[in-house]
Amino acid sequence: MSDDVILCEVADGVATVTLNRPQAMNALNRALRQRLAEVMRKVDADDAVRAVILTGAGERAFTAGLDLKELGSEAGALGSANATDPADNPVKAIELCRKPVIGAINGVAITGGFEVALACDVLVASTHVRFADTHARVGIVPGWGLSQKLSRMIGISRAKELAFTGNFLDAATAQAWGLVNHVVEPDALLPLARKLAGDMAGIDPTFLANYKRLIDDGYAHSFGEGLALEAERSSAANSAVAPEEVEARRAVVQERGRGQS
């Protein structure tokens, strides 16, 4: 196995980025966090990459979050929970990427690992997956977005239940609650993620990056502010589209639709 704490393979327009510390449940030590930022910058700048899959090595863990051994042995290490530098904050590192990021969650995603999962644009999970917010049990207040993102995704009372108990959330319930889009057997996880990434890779990359930014920026506003933002950006973008371009693309969309079940 490679000594690199992050693996990256590019094929057919899709970069598969793997957190590679399976012996430590892919815990986010300083070296892994720094390397993740480097890799995400690289795939963002690579025109051959249209979409990204983020997963963990092995089947036990996507990531168990911050490396507690490192936190307990290094002075000041706890500051990573509030870091804003992408080299120290893996959520910020993922957000560097303007391309869609699919989280292929292959095992437990705990505390900071849960926050890393929520940084992805789309989540697919294996049947082995379990999520947990153990911040309260560890005594660390989340600083990578979990306290705000999760309630918006699954509802405030469900988010509070997870936060206040530290209990695990299984894959089937996560799907029922709208946290993950699909749940499949472990050997089907990466094929499904690659299929979705391939579909995304078929969209014009500049358009896709702008659409991702519109959704994310609007999500951070109130509903009314989000609608105003959409109207502003839509008006500017659509005024530059020629009717003949729409007609040509419509035919392609119709043909693609006929081929989908």
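Here goes a summary of the coordinates provided. Since the structure is predicted, the reported quantities are computational estimates derived from the model, not experimental observations.

The next thing to look at is the overall build of the protein. Counting secondary structure elements, the protein contains twelve helices and ten strands. Taken over the C-alpha trace, the protein has a radius of gyration of 19 Å; the compact-globule value for 261 residues is 18 Å, and the two agree within 12%. In terms of overall dimensions, the protein has C-alpha extents of about 65 × 45 × 35 Å along its principal axes. Considering the protein as a whole, with its 261 residues, one finds that 43% of them fall into the buried category. Expressed as a percentage of contacts within the protein between residues at least 6 apart in sequence, the contacts between residues at least 24 apart total 69%. As displayed, the protein offers around 13,800 Å² of accessible surface, 54% of which is attributable to carbon and sulfur atoms. Of the charged side chains in the protein, 27 are positive and 33 negative; the average position of the first set lies 2 Å away from that of the second.

Another aspect to go through is the pattern of salt bridges. Within the structure shown, the criterion is met by ten salt bridges. Residue Arg 30 pairs with Asp 88 through a salt bridge whose shortest N-O separation is 4.0 Å. Of this pair, Arg 30 sits in helix 1 (residues 30–45) while Asp 88 sits in the loop between helix 2 (68–73) and helix 3 (90–95), and the two are 58 residues apart along the sequence. Taking the relative accessible area as the measure of exposure, Asp 88 reaches 17% and is therefore buried. We note a salt bridge from Asp 121 to Lys 212, for which the minimum N-O separation is 3.0 Å. Taken together, the positions of Asp 121 in the loop between helix 4 (112–118) and strand 7 (122–126) and Lys 212 in helix 10 (residues 205–219) put the pair 91 residues apart, joining distant regions of the chain. Overall, Asp 121 belongs to the partly exposed group, its relative accessible area being 33%. We classify Lys 212 as buried; its relative accessible area is 15%. Connected via shared salt-bridge partners are Asp 4, Arg 35 and Glu 38.

The mixed open sheet is built from four strands, whose spatial order is 4-6-8-9. Edge positions in the open sheet fall to strand 4 (61–63) and strand 9 (168–170), since each of these has one partner strand only. Mean inter-strand twist for the sheet, computed between neighbouring axes without regard to direction, equals 20°. In the sheet, strand 6 (residues 108–110) pairs with strand 8 (residues 130–132) via two bridges, with the strands oriented parallel. From the neighbouring strand, Ile 110 faces strand 8, where its bridge partner is Ala 132.

One pass over the structure, following the stated rule, counts two aromatic pairs. Centroid distance Phe 207 to Tyr 211: 5.8 Å. Interplanar angle 80°. Geometry classified as edge-to-face. On the criterion of helical spacing, the pair formed by Phe 207 and Tyr 211 is a turn pair, its members being four residues apart in helix 10. The side chain of Arg 130 reaches across the aromatic face of Phe 168, ending 3.9 Å from its centre.

Conventions adopted
- Residues numbered from 1 in each chain as written.
- Predicted model: local features only at pLDDT ≥ 70, side-chain atom pairs only at ≥ 80, totals over all residues.
- Heavy atoms only, no water.
- Helix = DSSP H or I, 4+ residues; strand = E, 2+ residues; numbered from the N terminus.
- Rg over C-alpha atoms; globule rule 2.2 N^0.38 Å.
- Buried < 20%, exposed > 50% of the residue type's maximum accessible area, 1.4 Å probe, protein only.
- Contact = heavy atoms within 4.5 Å.
- Areas by Shrake-Rupley, 256 points an atom, 1.4 Å probe, with all protein chains shown as cover.
- Lys, Arg positive; Asp, Glu negative; His and termini not counted.
- Charge placed at Lys NZ, Arg CZ, Asp CG, Glu CD.
- Salt bridge = Lys/Arg side-chain N within 4 Å of Asp/Glu carboxyl O.
- Pairing = 2+ DSSP bridges.
- Axes fitted to C-alpha atoms, helices over the stretch in contact; angles between N-to-C directions.
- Phe/Tyr/Trp six-rings, centres within 6.5 Å; stacked < 30°, edge-to-face > 60°.
- Lys NZ or Arg CZ within 6 Å of the ring centre and 35° of its normal.

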